[in-house]
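Okay, here's what each chain looks like letter by letter:
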Amino acid sequence: MHNIRSFFKHAGNLGYKLVILLVIYLLSRFLFYLINIHAFESNSFGELLKIFFYGIRFDYTVVIYLNVLFILLYLLPLNVVQNKYYRRTLNILFYTVNFFFLLFNFVDCEYFKYTAKRTTADIFAYIFLSDDAASLLPQFLKDFWYIALAFIAVVVGGIYFMNKEPLK
(Lines give C-alpha, C1' and ligand atoms only; values in the text may rest on other atoms or scores of the structure.)
Protein backbone atom coordinates (compact mmCIF):
# COMPACT_ATOMS: atom_id res chain seq x y z
CA MET A 1 0.00 0.00 0.00
CA HIS A 2 2.87 2.36 0.85
CA ASN A 3 4.46 1.77 -2.57
CA ILE A 4 1.21 2.58 -4.36
CA ARG A 5 0.87 5.86 -2.44
CA SER A 6 4.50 6.65 -3.13
CA PHE A 7 4.05 5.98 -6.84
CA PHE A 8 1.02 8.28 -7.08
CA LYS A 9 2.82 10.94 -5.04
CA HIS A 10 5.77 10.84 -7.45
CA ALA A 11 3.45 10.80 -10.47
CA GLY A 12 1.54 13.82 -9.12
CA ASN A 13 4.74 15.75 -8.40
CA LEU A 14 6.05 14.90 -11.86
CA GLY A 15 2.78 16.10 -13.41
CA TYR A 16 3.13 19.32 -11.41
CA LYS A 17 6.66 19.87 -12.79
CA LEU A 18 5.48 19.26 -16.34
CA VAL A 19 2.59 21.72 -15.95
CA ILE A 20 5.01 24.36 -14.61
CA LEU A 21 7.21 23.66 -17.62
CA LEU A 22 4.24 24.15 -19.96
CA VAL A 23 3.45 27.47 -18.26
CA ILE A 24 7.08 28.53 -18.76
CA TYR A 25 6.85 27.68 -22.47
CA LEU A 26 3.62 29.69 -22.68
CA LEU A 27 5.32 32.65 -21.00
CA SER A 28 8.26 32.41 -23.41
CA ARG A 29 5.82 32.38 -26.33
CA PHE A 30 4.12 35.48 -24.92
CA LEU A 31 7.53 37.19 -24.57
CA PHE A 32 8.28 36.26 -28.19
CA TYR A 33 4.97 37.82 -29.20
CA LEU A 34 5.61 41.04 -27.24
CA ILE A 35 9.12 41.50 -28.65
CA ASN A 36 7.96 40.73 -32.19
CA ILE A 37 4.51 42.31 -32.03
CA HIS A 38 5.15 44.13 -35.31
CA ALA A 39 5.19 40.77 -37.12
CA PHE A 40 1.66 40.02 -35.87
CA GLU A 41 0.00 43.38 -36.55
CA SER A 42 -2.07 42.00 -39.40
CA ASN A 43 -3.43 39.14 -37.28
CA SER A 44 -6.84 39.46 -35.68
CA PHE A 45 -7.38 38.61 -32.04
CA GLY A 46 -8.97 35.32 -33.07
CA GLU A 47 -5.96 34.44 -35.21
CA LEU A 48 -3.63 35.22 -32.31
CA LEU A 49 -5.64 32.94 -30.04
CA LYS A 50 -5.40 30.21 -32.67
CA ILE A 51 -1.61 30.71 -32.89
CA PHE A 52 -1.29 30.44 -29.11
CA PHE A 53 -3.54 27.37 -29.03
CA TYR A 54 -1.43 25.57 -31.64
CA GLY A 55 1.67 26.76 -29.83
CA ILE A 56 0.47 25.13 -26.61
CA ARG A 57 -0.18 21.89 -28.52
CA PHE A 58 3.34 22.05 -29.94
CA ASP A 59 4.82 22.81 -26.49
CA TYR A 60 2.96 19.86 -24.98
CA THR A 61 4.46 17.55 -27.60
CA VAL A 62 7.96 18.97 -27.11
CA VAL A 63 7.73 18.61 -23.32
CA ILE A 64 6.67 14.97 -23.63
CA TYR A 65 9.37 14.13 -26.19
CA LEU A 66 12.11 15.87 -24.23
CA ASN A 67 11.08 14.23 -20.99
CA VAL A 68 10.01 10.72 -21.96
CA LEU A 69 13.20 9.19 -20.55
CA PHE A 70 12.93 11.31 -17.41
CA ILE A 71 9.27 10.32 -16.96
CA LEU A 72 10.12 6.63 -17.23
CA LEU A 73 13.08 6.90 -14.84
CA TYR A 74 11.08 8.98 -12.37
CA LEU A 75 8.16 6.54 -12.26
CA LEU A 76 10.06 3.27 -12.13
CA PRO A 77 8.27 0.99 -9.68
CA LEU A 78 11.54 0.31 -7.87
CA ASN A 79 12.87 1.35 -4.49
CA VAL A 80 15.76 3.21 -6.13
CA VAL A 81 13.31 6.03 -6.95
CA GLN A 82 13.14 6.76 -3.21
CA ASN A 83 16.90 7.36 -3.06
CA LYS A 84 17.61 11.09 -2.68
CA TYR A 85 20.75 10.93 -4.86
CA TYR A 86 18.83 9.21 -7.64
CA ARG A 87 16.10 11.86 -7.47
CA ARG A 88 18.63 14.70 -7.30
CA THR A 89 20.37 13.32 -10.39
CA LEU A 90 17.05 13.08 -12.24
CA ASN A 91 16.18 16.64 -11.24
CA ILE A 92 19.53 17.94 -12.52
CA LEU A 93 18.97 16.04 -15.77
CA PHE A 94 15.42 17.40 -16.01
CA TYR A 95 16.48 21.03 -15.46
CA THR A 96 19.49 20.80 -17.76
CA VAL A 97 17.63 19.30 -20.70
CA ASN A 98 14.54 21.46 -20.40
CA PHE A 99 16.22 24.78 -19.77
CA PHE A 100 18.75 24.13 -22.56
CA PHE A 101 15.93 23.70 -25.09
CA LEU A 102 13.92 26.53 -23.56
CA LEU A 103 16.90 28.79 -24.18
CA PHE A 104 16.17 28.56 -27.90
CA ASN A 105 12.72 30.07 -27.35
CA PHE A 106 14.39 33.06 -25.73
CA VAL A 107 17.05 33.32 -28.44
CA ASP A 108 14.24 33.26 -31.00
CA CYS A 109 12.84 36.49 -29.59
CA GLU A 110 15.65 38.41 -31.32
CA TYR A 111 16.78 35.86 -33.90
CA PHE A 112 13.35 36.09 -35.55
CA LYS A 113 13.88 39.80 -36.32
CA TYR A 114 16.92 38.99 -38.45
CA THR A 115 15.77 35.83 -40.20
CA ALA A 116 11.95 36.02 -40.13
CA LYS A 117 11.89 32.40 -38.95
CA ARG A 118 12.30 30.46 -35.73
CA THR A 119 15.53 28.66 -34.97
CA THR A 120 16.02 25.29 -36.59
CA ALA A 121 18.67 22.60 -36.43
CA ASP A 122 21.04 24.75 -38.52
CA ILE A 123 21.70 26.87 -35.43
CA PHE A 124 23.49 23.88 -33.86
CA ALA A 125 25.95 23.83 -36.76
CA TYR A 126 26.58 27.52 -36.25
CA ILE A 127 27.08 27.20 -32.51
CA PHE A 128 29.18 24.05 -32.43
CA LEU A 129 31.08 24.26 -35.73
CA SER A 130 31.81 27.98 -35.86
CA ASP A 131 34.27 30.06 -33.88
CA ASP A 132 32.02 33.09 -34.36
CA ALA A 133 29.45 32.00 -31.80
CA ALA A 134 31.89 32.08 -28.87
CA SER A 135 33.43 35.37 -29.92
CA LEU A 136 30.06 37.04 -30.51
CA LEU A 137 28.45 35.83 -27.28
CA PRO A 138 29.66 38.76 -25.10
CA GLN A 139 28.30 41.25 -27.63
CA PHE A 140 24.97 39.41 -27.83
CA LEU A 141 24.68 39.45 -24.04
CA LYS A 142 25.44 43.17 -24.01
CA ASP A 143 22.97 44.00 -26.79
CA PHE A 144 20.20 41.68 -25.64
CA TRP A 145 20.73 41.74 -21.87
CA TYR A 146 16.98 41.83 -21.25
CA ILE A 147 16.57 38.44 -22.97
CA ALA A 148 19.34 36.96 -20.81
CA LEU A 149 17.79 38.52 -17.70
CA ALA A 150 14.34 37.16 -18.59
CA PHE A 151 15.80 33.71 -19.20
CA ILE A 152 17.65 33.72 -15.85
CA ALA A 153 14.48 34.86 -14.07
CA VAL A 154 12.46 32.08 -15.72
CA VAL A 155 15.08 29.44 -14.85
CA VAL A 156 15.31 30.55 -11.21
CA GLY A 157 11.53 30.88 -10.90
CA GLY A 158 10.96 27.57 -12.65
CA ILE A 159 13.36 25.72 -10.37
CA TYR A 160 11.83 27.41 -7.33
CA PHE A 161 8.27 26.40 -8.22
CA MET A 162 9.19 22.93 -9.48
CA ASN A 163 10.97 22.17 -6.21
CA LYS A 164 7.78 22.94 -4.28
CA GLU A 165 6.42 19.45 -4.66
CA PRO A 166 2.76 19.83 -3.72
CA LEU A 167 2.30 16.20 -2.66
CA LYS A 168 4.33 15.38 0.44
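Scroll up to find the structure.
Report on the accompanying structure. Keep in mind that this is a model prediction, so the values were computed, not measured. (Residues numbered from 1 in each chain as written. Predicted model: local features only at pLDDT ≥ 70, side-chain atom pairs only at ≥ 80, totals over all residues. Heavy atoms only, no water.)

## Digging into the overall build of the protein
Within the protein, the regular secondary structure consists of six helices and zero strands. Overall, the protein shows an N-to-C arrangement of helices and strands of α-α-α-α-α-α. The buried share of the protein, taken over its 168 residues, is 33%. Taking the intrachain contacts of the protein between residues at least 6 apart in sequence as the baseline, contacts between residues at least 24 apart amount to 75%. When the accessible surface of the protein is summed, it comes to about 10900 Å², and 72% of that surface belongs to carbon and sulfur atoms. (Helix = DSSP H or I, 4+ residues; strand = E, 2+ residues; numbered from the N terminus. Buried < 20%, exposed > 50% of the residue type's maximum accessible area, 1.4 Å probe, protein only. Contact = heavy atoms within 4.5 Å. Areas by Shrake-Rupley, 256 points an atom, 1.4 Å probe, with all protein chains shown as cover.)

## Notes on the side chain of asparagine 67
In this fold, asparagine 67 is placed in helix H2 (residues 45-74). For asparagine 67, a relative accessible area of 1% corresponds to the buried category. Polar side-chain contacts of asparagine 67 include one of 2.8 Å to the backbone oxygen of valine 63. Setting aside residues up to four positions removed in sequence, asparagine 67 forms contacts with Leu18, Leu21, Phe94 and Asn98. (Polar contact = N/O pair within 3.5 Å; in protein donor to acceptor, adjacent residues only side chain to side chain.)

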